[in-house]
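Read off the chains here:
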Amino acid sequence: MDPFLANKTSKVYVAGHRGLVGSAIVKKLQQLGFTNLILKTHKELDLTRQSDVESFFAAEKPEFVILAAAKVGGIHANNTYPAEFISINLQIQTNVIHSSYINGVKKILFLGSSCIYPKIAPQPITEEALLTGPLEPTNEWYAVAKIAGIKMCQAYLLQYNWDAISGMPTNLYGPNDNFHPENSHVLPALMRRFHEAKVSGAKEVVVWGTGSPLREFLHVDDLADAVVFMMENYSGLVHINVGSGQEVTIKELAELVKEVVGFEGELVWDATKPDGTPRKLMDSSKLADLGWVPKVSLKDGLVDTYKWYVEYLKQ
């Protein structure tokens, strides 16, 4: 196993470098002094096109690959475009993983999502819960693709003794998140709504549900830190959960976002609307046992994210 951090001139390809996750990983690698990052926009390299991916790898010969490219979206998008979510993600990861192996990449890290786990899994969710029950129906197409990616990495490790690993992050947030009114996740959606209410001088913001469900959030800078840590310190068959280990109710989250944004009005809960899963927490003890701990508190992370969002709106 070649130490990842030993040579900062190693060629590192970060797939999906413009997204929430990829951009944080690039920032982290640059901070660490990596000088040979290979970054391609979707326009420059379409990862769903096998021949293009093969040509790219044959020409560039990266030594390390971090696969953060994926088609992602919220419940609405997953429900509306199931064909895209399964086909595009399967194409991207199959092309990148196979071409990485064929072209002598020393190590690859594939990033998935906590939605790979069964809808009803014992809490906190351990890695061993994978494939022990039915998936959440609203995003099973995406989840099946991600599970295939994990299994592909395992298969190439088993058959070729190749250093292919997978990391499964919990709910992520941070700069470069998606703040789209329909397709965003709970945290950016709340932030946008409180910000718009503050700007318009609204008296109240109505939030769906009772606020009682528990959720876990990880700042994307912590994930980037964990990615580097795993590239350096982990090799093995089991995919690794990456979470903060901290739970917060949606009510506590909403109050905190309201405070960070500076919205002075009322927060009203519409209990006639669905709450979703009561609890979703990852067991990240495998990663903790290896020596990694998250560093960004939820409050600090929200302040950082809101600062970015306000700047983004000025563009």
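Residues numbered from 1 in each chain as written. Predicted model: local features only at pLDDT ≥ 70, side-chain atom pairs only at ≥ 80, totals over all residues. Heavy atoms only, no water.

## Some details on the overall build of the chain
How we decide: Runs of H or I in DSSP of at least four residues are treated as helices and runs of E of at least two as strands, each being numbered from the N terminus. Computation of the radius of gyration draws on C-alpha atoms, with the globule rule given as 2.2 Å multiplied by the number of residues to the power 0.38. For every residue, the accessible area (1.4 Å probe, protein chains only) is compared with the maximum for its type, and the residue is labelled buried under 20%, exposed over 50%, or partly exposed between those bounds. In what follows, residue pairs with any heavy atoms lying within 4.5 Å of each other are defined as contacts.
Tallying secondary structure elements over the chain gives 10 helices and 12 strands in all. The C-alpha radius of gyration of the chain comes to 20 Å, within 12% of the 20 Å expected for a compact globule of 315 residues. With the C-alpha coordinates aligned to their principal axes, the bounding extent of the chain is approximately 60 × 45 × 40 Å. Relative to its full complement of 315 residues, the chain shows a buried share of 50%. Residue pairs in contact within the chain that sit at least 24 positions apart in sequence constitute 82% of those at least 6 positions apart.

## Points about the UniProt feature "domain: NAD-dependent epimerase/dehydratase" (unreviewed entry) in the chain
Here is the rule: UniProt positions are given in the numbering used here, feature names are shortened, and annotations may be inferred rather than shown by experiment.
With numbering matched to this structure, UniProt assigns "domain: NAD-dependent epimerase/dehydratase" (unreviewed entry) to residues 12–243. Secondary structure within residues 12–243 divides into 43% helix and 17% strand; the distance between the first and last C-alpha atoms comes to 24 Å.

## Concerning helix α5 (residues 140–160)
Definition in use: Expected span of a helix: the number of residues minus one, times 1.5 Å.
Here α5 contains 21 residues, and its C-alpha end-to-end distance of 29 Å stays within 8% of the 30 Å for a straight helix at 1.5 Å per residue. Listing the buried residues of α5 in full gives Tyr142, Ala143, Ala145, Lys146, Ile147, Gly149, Ile150, Met152, Cys153, Gln154, Tyr156 and Leu157. The secondary structure elements touched by the buried residues of α5 are α3 (75–80), α4 (82–102), β4 (107–111) and β5 (163–169). Within two residues after α5, asparagine 161 carries a phi angle of roughly 55°, on the positive side.

## Here's the deal with the pattern of salt bridges
What counts, and what does not: Any carboxyl oxygen of Asp or Glu within 4 Å of a side-chain nitrogen of Lys or Arg constitutes a salt bridge here.
Summed over all chains, the structure comprises 16 salt bridges. A salt bridge links aspartate 225 to lysine 28, with the nearest nitrogen and oxygen atoms 3.1 Å apart. Placement of aspartate 225 in helix α7 (residues 220–233) and of lysine 28 in helix α1 (residues 20–31) is noted, with a sequence separation of 197 residues between them. Of the charged contacts, one joins glutamate 311 and lysine 314 as a salt bridge, the two residues approaching to 3.1 Å between their closest N and O atoms. Here the residue glutamate 311 and the residue lysine 314 both occupy positions in helix α10 (residues 298–314), the gap between them amounting to three residues, near one helical turn. Classification of glutamate 311 by relative accessible area gives partly exposed; the value is 44%.

## A closer look at the sheet that holds strand β3 (residues 64–67)
To keep it simple, the criterion reads: One bridge is not enough; two strands pair if DSSP finds at least two bridges between them.
Ordered by their spatial adjacency, six strands build an open sheet running β2-β1-β3-β4-β5-β9, and the pairing between neighbours is parallel. Looking along the sheet, the strands with just one partner apiece sit at the ends: β2 (37–38) and β9 (240–242). Here β4 pairs with β5 via five bridges, running parallel. Bridging from a neighbouring strand, lysine 107 pairs with aspartate 163 of β5.

## A few points about the nonpolar core
Put simply, the rule is: Definition of nonpolar core: a set of buried residues of the types Ala, Val, Leu, Ile, Met, Phe, Trp, Tyr and Cys, connected through side-chain atoms within 4.5 Å.
The biggest cluster of nonpolar side chains holds 38 residues, and the ones touching the most others in it are Tyr13, Leu47, Phe57 and Leu67. Broken down by element, the residue count for this core peaks at seven residues, all from α5. Contacts of leucine 47, omitting those with residues within four sequence positions, involve Tyr13, Ala15, Val53, Ala69, Gln91, Ile92, Asn95 and Val96. In terms of nonpolar packing, the next biggest core, distinct from the first, is built from 33 residues, Ala24, Leu29, Tyr234 and Val242 among them.

## A look at the environment of lysine 107
Using the following cut-off: The definition of a polar contact used here is a pair of N or O atoms within 3.5 Å, where within protein one atom must be able to donate a hydrogen and the other to accept one, and adjacent residues in sequence count solely through side-chain atom pairs.
Mapped onto the elements, lysine 107 comes out in strand β4. Through-space distance from the C-alpha of lysine 107 to that of alanine 69 is 17 Å; in sequence the pair is 38 residues apart. A polar contact of 3.3 Å, which involves the side chain of lysine 107, links it to the backbone oxygen of methionine 230. For lysine 107, the side chain forms a polar contact with the side chain of serine 235, separated by 3.5 Å.

## Details of unusual backbone geometry
Here the residue pair glutamine 123 and proline 124 is connected by a cis peptide bond, since its omega of -15° sits within 30 degrees of zero. Assignment of secondary structure puts proline 124 in the loop between β4 and α5. Of note, leucine 131 is a non-glycine position whose phi angle comes to about 65°, a positive value. Looking at the secondary structure, you find leucine 131 in the loop between β4 and α5.

## Digging into the pairing of β5
Selection criterion: Note on handedness: a crossover is taken as right-handed if, strands pointing away from the viewer, the path from the first strand over the helix to the second is clockwise.
Burial within β5 is extensive, with seven of its seven residues counted as buried. What you see with β5 is no split at all: Asp163, Ile165, Gly167 and Pro169 on one side and Ala164, Ser166 and Met168 on the other are buried throughout. After leaving β4, the chain enters α5 and then returns to the sheet as β5, a path that is right-handed. Pairing analysis gives three bridges linking β5 to β9, with the strands arranged parallel.

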